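Coordinate inspection notes
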Amino acid sequence: MLFAGGAVTVASAEREEAPATPVSGSADAGFARDMSVHHQQAVEMSFIVRDRTTDEDVRRLAYDIANTQANQRGMMLGWLDLWGLPKVESGTEPMAWMGMGGHGGSGPVDGALMPGMATKTELERLRKASGEEAEILYLQLMTDHHKGGVHMAQGCVDKCSVDVERNLAQGMVDAQESEMGLMAELLKQRGAKPRA
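Residues numbered from 1 in each chain as written. Predicted model: local features only at pLDDT ≥ 70, side-chain atom pairs only at ≥ 80, totals over all residues. Heavy atoms only, no water.

**Description of the overall build of the chain**
When helices and strands are tallied, the chain shows six helices and zero strands. Secondary structure elements of the chain occur, N-terminal to C-terminal, as α-α-α-α-α-α. Taken across its 196 residues, the chain has 43% of its residues classed as buried. Long-range contacts, defined here as pairs at least 24 residues apart, represent 74% of the contacts in the chain between residues at least 6 apart. (Helix = DSSP H or I, 4+ residues; strand = E, 2+ residues; numbered from the N terminus. Buried < 20%, exposed > 50% of the residue type's maximum accessible area, 1.4 Å probe, protein only. Contact = heavy atoms within 4.5 Å.)

**A few points about the nonpolar core**
Phe31, Met45, Met76, Tyr138, Leu139 and Met152 are the most contacted members of the largest nonpolar core, which totals 51 residues. Elements with a minimum of two residues in this core: helix H2 (27-50), helix H3 (56-82), helix H4 (120-128), helix H5 (131-159) and helix H6 (163-189). Sorting elements by how many residues they give to this core places H5 first, with 12 residues. Those residues within four positions of Met76 in sequence are excluded, and the remaining contacts are Phe31, Ala32, Met35, Ser36, His39, Leu168 and Met172. (Core = buried A, V, L, I, M, F, W, Y, C linked by side-chain atoms within 4.5 Å.)

**Re the packing of H3 against H5**
Each packed pair of helices is defined by two parameters, the angle between the axes and the distance between the axes. Look at H3 against H5: their axes get within 11 Å of each other, and the N-to-C directions meet at 35 degrees. The two elements H3 and H5 cross, and the hand of that crossing is left-handed. Here H3 contributes Val58, Leu61, Ala62, Ile65 and Gln69 to the contact with H5, which in turn contributes Glu135, Tyr138, Leu139, Met142 and His146. (Axes fitted to C-alpha atoms, helices over the stretch in contact; angles between N-to-C directions. Left-handed = near helix turned anticlockwise from the far one by under 90°.)

**What about the state of the cysteines?**
Using the criterion set out here, one finds one disulfide in the structure. A sulfur-sulfur separation of 2.2 Å characterises the disulfide bridge that pairs Cys156 with Cys160. In this structure the cystine formed by Cys156 and Cys160 twists about its S-S bond by roughly -120 degrees; its chirality is therefore left-handed. Exposure class is identical for Cys156 and Cys160. Each is buried. (Disulfide = S-S within 2.5 Å.)

**Considerations on the pattern of salt bridges**
Tallying each qualifying case throughout the model produces 12 salt bridges. Measuring nitrogen to oxygen at the nearest pair gives 2.6 Å for the salt bridge that ties Glu44 to Arg127. Of this pair, Glu44 sits in helix H2 while Arg127 sits in helix H4, placing them 83 residues apart in sequence. Classification of Glu44 by relative accessible area gives partly exposed; the value is 30%. A residue is classified by how much of its surface remains accessible, and Arg127, at 34% relative accessible area, is partly exposed. With a shortest N-O distance of 2.4 Å, Asp163 and Arg166 are connected by a salt bridge. Of this pair, Asp163 and Arg166 both sit in helix H6, three residues apart, which is roughly one turn of the helix. Residue Arg166 is classed as partly exposed on the basis of its relative accessible area, which comes to 24%. Among the charged side chains, a network of salt bridges with common partners joins Glu44, Glu124 and Arg127. (Salt bridge = Lys/Arg side-chain N within 4 Å of Asp/Glu carboxyl O.)

**A short note on H3**
Over its 27 residues, H3 extends 39 Å from the first C-alpha to the last, a length consistent with the 39 Å expected when each residue adds 1.5 Å. All buried positions along H3 are accounted for by Val58, Leu61, Ala62, Ile65, Ala66, Gln69, Gln72, Met76, Leu77, Trp79 and Leu80. As for H3, its buried residues are in contact with H2, H5 and H6. The backbone nitrogen of Asp57 lies 3.1 Å from a side-chain oxygen of the residue at the head of H3, namely Asp55. Backbone geometry just after H3 places Gly84 at a positive phi near 70 degrees. (Expected span 1.5 Å × (residues − 1). Polar contact = N/O pair within 3.5 Å; in protein donor to acceptor, adjacent residues only side chain to side chain.)

Here is the structure:
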């Protein structure tokens, strides 16, 4: 019992070396900012497809993604408030905290700020599509979106120092990898597959 207490003291002493709250340029703050933007687009796409199809499987998936990612986005923006940090860091490229910078330093492509994000042109196509066409496009775009999201969340798992944030990031990796499997199956049912 005494040994266990000593081990806890050592572990907590190690954690106390980290700043009480993350600084603006930290992985914790960068992830919270960038994933909030990434999640917002997933919520937007999910609401679009909900109104463009009557298929219950796709609508249920879109509902789950919209609710989950809106809730997670709220938590991440709340942490930034709690830490007294800005929600937008001017002069800092997205994903710089990962050693990347938007699209590997090439800047946004047609409004897509980060890997996996849909372009303005793709969002417009989704808004105009309906039925199975909308379902396939949504599933393909969301699969790409999840791939980018998993990459970023894994970056936080590896680099973030706040336990609760790192745990949330690991949950994102697990959930989005599972959803990619479901989306691949839904695409197969429609005679389609994820984009390369």
